[in-house]
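As a plain string of letters, each chain reads:
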Amino acid sequence: MSMLPSSRNLVLMVAVLGLAGCASSSTWGWYVINPATDTGWTNIRFLINGMGATILISVIAALMSMSFGLIVALPGLSSRWYIRAINRVYVEFIRAIPLLPMLFWVFYGLPIIFKSMGLDIPIDPFWGAIITLAVSDSAFTAEIYRAGIQSIARGQTEAAQTVGLNYLQTMRYVILPQAIRRILPPLANQFIYIVKMSAFASVIGMQELTRRANELVVTEYRPLEIYSLLILEYLVLVLVISAAVRWLERRMGSDERN
Amino acid sequence: MNLSAFPDKAQVDIWPIGQCGGVMAEIAIEMIDVNKWFGDFHVLKDINLKVSLGERVVICGPSGSGKSTVVRCINRLERHQKGVIKVNGSEVTDQPEDLGGDVGMVFQQFNLFPHLSVLENLVLGPMKSRGLSRIEAEDRAAEYLERVKIPEQADKRPGQLSGGQQQRVAIARSLCMEPKVMLFDEPTSALDPEMISEVLDVMVELAEEGMTMVVVTHEMGFARKIADQMVFMDEGEIVETGAPAAFFEAPKSKRCRKFLSQILSH
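Right, let's walk through the structure included here. Model, not experiment: these values are computed from the prediction.

As a further point, take the overall build of chain B. Looking only at helices and strands, chain B features ten helices and ten strands. Counting every position in chain B, which comprises 266 residues, the buried fraction comes to 56%. Within the structure as shown, chain B displays about 11,400 Å² of accessible surface, and the carbon and sulfur contribution to it stands at 50%.

As structure tokens, then:
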């Protein structure tokens with residue numbers, strides 16, 4: 001990474017302060033991630049290099065979940081019960097499956113189904129994790145969309161229809177632009193949730209933050225320090241997302257005056 | 001048009017030419033034995049109504065009498081369960097957009113799009129549904145904003161306008177679709193009293209230009225001025241119809257007399 005020199009200094013400062021506080025205690029063994037030593041610095045880089053995979057998995061899964069959630073939400077708004085039922089069955093079913101079993105099912109089970117259908121679609125840890133996170137989360141985003149869209153007054157849809165807009169145009173130009181401001185905060189929550197749940201990808205061998213921490217713990221026997229740093233890594237990620245979302249909300253709020 | 005009533009001279013003058021010549025005028029809206037239920041509640045009972053092209057019909061009646069529902073059935077915001085509704089000669093479907101903006105609608109609560117400027121409110125339908133270019137749509141929008149006398153508000157958001165201005169924007173938004181019929185569902189009921197007349201003035205002008213209009217309203221002075229046909233509804237039925245002169249001076253039914261005395265007494 002090109003930003004290494006400066007970030008190394010930053011980490012160094014934090015680490016020195018931390019070490020100073022704990023140096024006397026034998027409980028801590030910060031040497032394992034001490035950036036001042038070569039081994040420590042190598043270990044830190046090994047851990048932080050998982051960040052790319054965690055971010056990539058989370059972002060792709062979140063984007064898929066957001067688009068898939070919308071597709072699932074729309075039938076839930078129908079006035080016909082059998083169309084609404086599509087939404088209800090999907091949401092209730094997917095929402096009930098714990099993430100880890102679903103991950104196992106997708107990674108180990110789905111290829112068998114594909115094979116029996118004569119399809120040769122391998123599922124690697126990367127896509128296995130993304131598909132699971134996206135599908136699992138889409139049940140929640142679908143509910144967020146549905147609530148957000150239903151919070152827009154019925155009169156808006158009616159007015160759009162009387163000026164000749166069809167269903168998709170009504171959604172695209174009238175309902176969603178108004179609903180998005182109400183949908184964004186809970187959607188950001190879901191994104192943070194995905195980032196955290198992406199840790200499960202470590203179980204199927206994806207080399208992301210948690211997996212790397214586990215591997216280092218196995219060789220260094222220093223779980224306390226390594227998992228502390230791991231938690232710190234997630235904290236930084238989530239804080240960055242929070243700040244970005246707050247900025248986005250402010251920007252959107254400023255052009256709405258009614 | 002109820003020909004059995006005796007229209008006065010002023011009304012004959014504003015009738016469409018076809019009708020004056022003794023030929024049946026073209027029918028804009030026709031409702032034949034229309035029935036509708038909300039669950040067990042029978043909101044519309046055997047509604048029969050004909051509106052000729054160029055005719056102004058005013059529907060009045062106590063609240064809950066089904067007058068809004070009649071209007072909402074015409075432009076498919078509500079579905080009826082029995083009977084036939086024809087608009088411009090063809091039977092309506094369940095899809096409101098099939099009317100393609102041919103039936104304009106003005107709502108009690110304006111229902112402007114709050115996230116769009118006044119101009120964007122006006123050009124959305126013509127561009128997306130009628131396929132006009134932005135320039136054509138904006139020209140047309142400017143023309144109708146002029147007609148409703150608020151050209152200077154084009155770049156404001158609806159939330160920055162007064163109720164009367166918002167309702168005039170809503171009228172302009174409907175007119176931008178160049179509809180064959182305009183429906184008004186209590187257009188002045190949500191307005192402060194001092195703003196009612198600016199909206200009614202626009203509607204009177206529209207009527208004088210020959211627009212086919214169906215208006216649900218409690219503004220009886222306005223009704224007397226523009227209506228060709230008065231319709232009184234109560235408990236889901238059309239109780240009485242007639243030309244305004246006869247309707248207001250000598251209502252036939254007891255229910256209609258009672259209603260008129262209640263709203264005209266002060």
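The subject of this paragraph is the nonpolar core. Note that soluble globular proteins tend to have their nonpolar side chains buried in a common cluster. Of all hydrophobic cores here, the largest spans 61 residues; its most connected members are Ile-29, Met-31, Ile-59, Val-70 and Leu-183 of chain B. Counting 52 residues, the second-largest nonpolar core is a separate cluster that includes Val-118, Tyr-144, Leu-175 and Val-204 of chain B.

Every contact between the two is made by 26 residues of chain B and, on the other side, 23 residues of chain A. For the pair chain B and chain A, the summed buried surface comes to about 2,100 Å²; carbon and sulfur atoms form 56% of the total. Taken together, the links from chain B to chain A amount to one salt bridge. Here the element with the most residues in the side of chain B that touches chain A is helix H4 (residues 118–128) of chain B; it accounts for three residues. When the residues that make up the side of chain B that touches chain A are grouped by side-chain class, the tally is ten nonpolar, ten polar and six charged.

We now examine the packing of aromatic side chains. All chains considered together, the criterion is met by seven aromatic pairs over all chains. Both rings, one in Trp-81 of chain A and one in Tyr-82 of chain A, keep their centres 5.8 Å apart while their planes meet at 85°; by these two values the pair is edge-to-face. With relative accessibility at 61%, the residue Trp-81 of chain A sits in the exposed group. With a relative accessible area of 45%, Tyr-82 of chain A lands in the partly exposed category. With a centroid separation of 5.3 Å and 40° between ring planes, the pair formed by Phe-232 of chain B and Phe-259 of chain B is classed as tilted. Taken as a pair, Phe-232 of chain B in strand E9 (residues 229–234) and Phe-259 of chain B in helix H10 (residues 254–264) lie far apart in primary sequence, 27 residues in all. Look at Phe-232 of chain B and you get buried, because its relative accessible area is 0%. Residue class for Phe-259 of chain B comes out buried when judged on its relative accessible area of 6%.

All right, on to the pairing of strand E7 (residues 181–185) of chain B then. All names here are of chain B. Burial analysis of E7 places five of its five residues in the buried class, the great majority of the element. Here E7 shows two buried faces, one formed by Val-181, Leu-183 and Asp-185 and the other by Met-182 and Phe-184. As paired elements, strand E6 (residues 103–106) and E7 share four bridges and run parallel to each other. Within E7, the position partnered with Val-103 by the bridge is Val-181. In terms of strand pairing, E7 meets strand E8 (residues 212–216) through five bridges, oriented parallel. The residue of E8 that forms the bridge with Leu-183 is Val-214.

Scoring rules and cut-offs
- Residues numbered from 1 in each chain as written.
- Chains lettered and ligands numbered in written order.
- Predicted model: local features only at pLDDT ≥ 70, side-chain atom pairs only at ≥ 80, totals over all residues.
- Heavy atoms only, no water.
- Helix = DSSP H or I, 4+ residues; strand = E, 2+ residues; numbered from the N terminus.
- Buried < 20%, exposed > 50% of the residue type's maximum accessible area, 1.4 Å probe, protein only.
- Areas by Shrake-Rupley, 256 points an atom, 1.4 Å probe, with all protein chains shown as cover.
- Core = buried A, V, L, I, M, F, W, Y, C linked by side-chain atoms within 4.5 Å.
- Contact = heavy atoms within 4.5 Å.
- Buried area = accessible area lost by both parts, 1.4 Å probe.
- Salt bridge = Lys/Arg side-chain N within 4 Å of Asp/Glu carboxyl O.
- Nonpolar A, V, L, I, M, F, W, Y, C, P; charged D, E, K, R; others polar.
- Phe/Tyr/Trp six-rings, centres within 6.5 Å; stacked < 30°, edge-to-face > 60°.
- Pairing = 2+ DSSP bridges.

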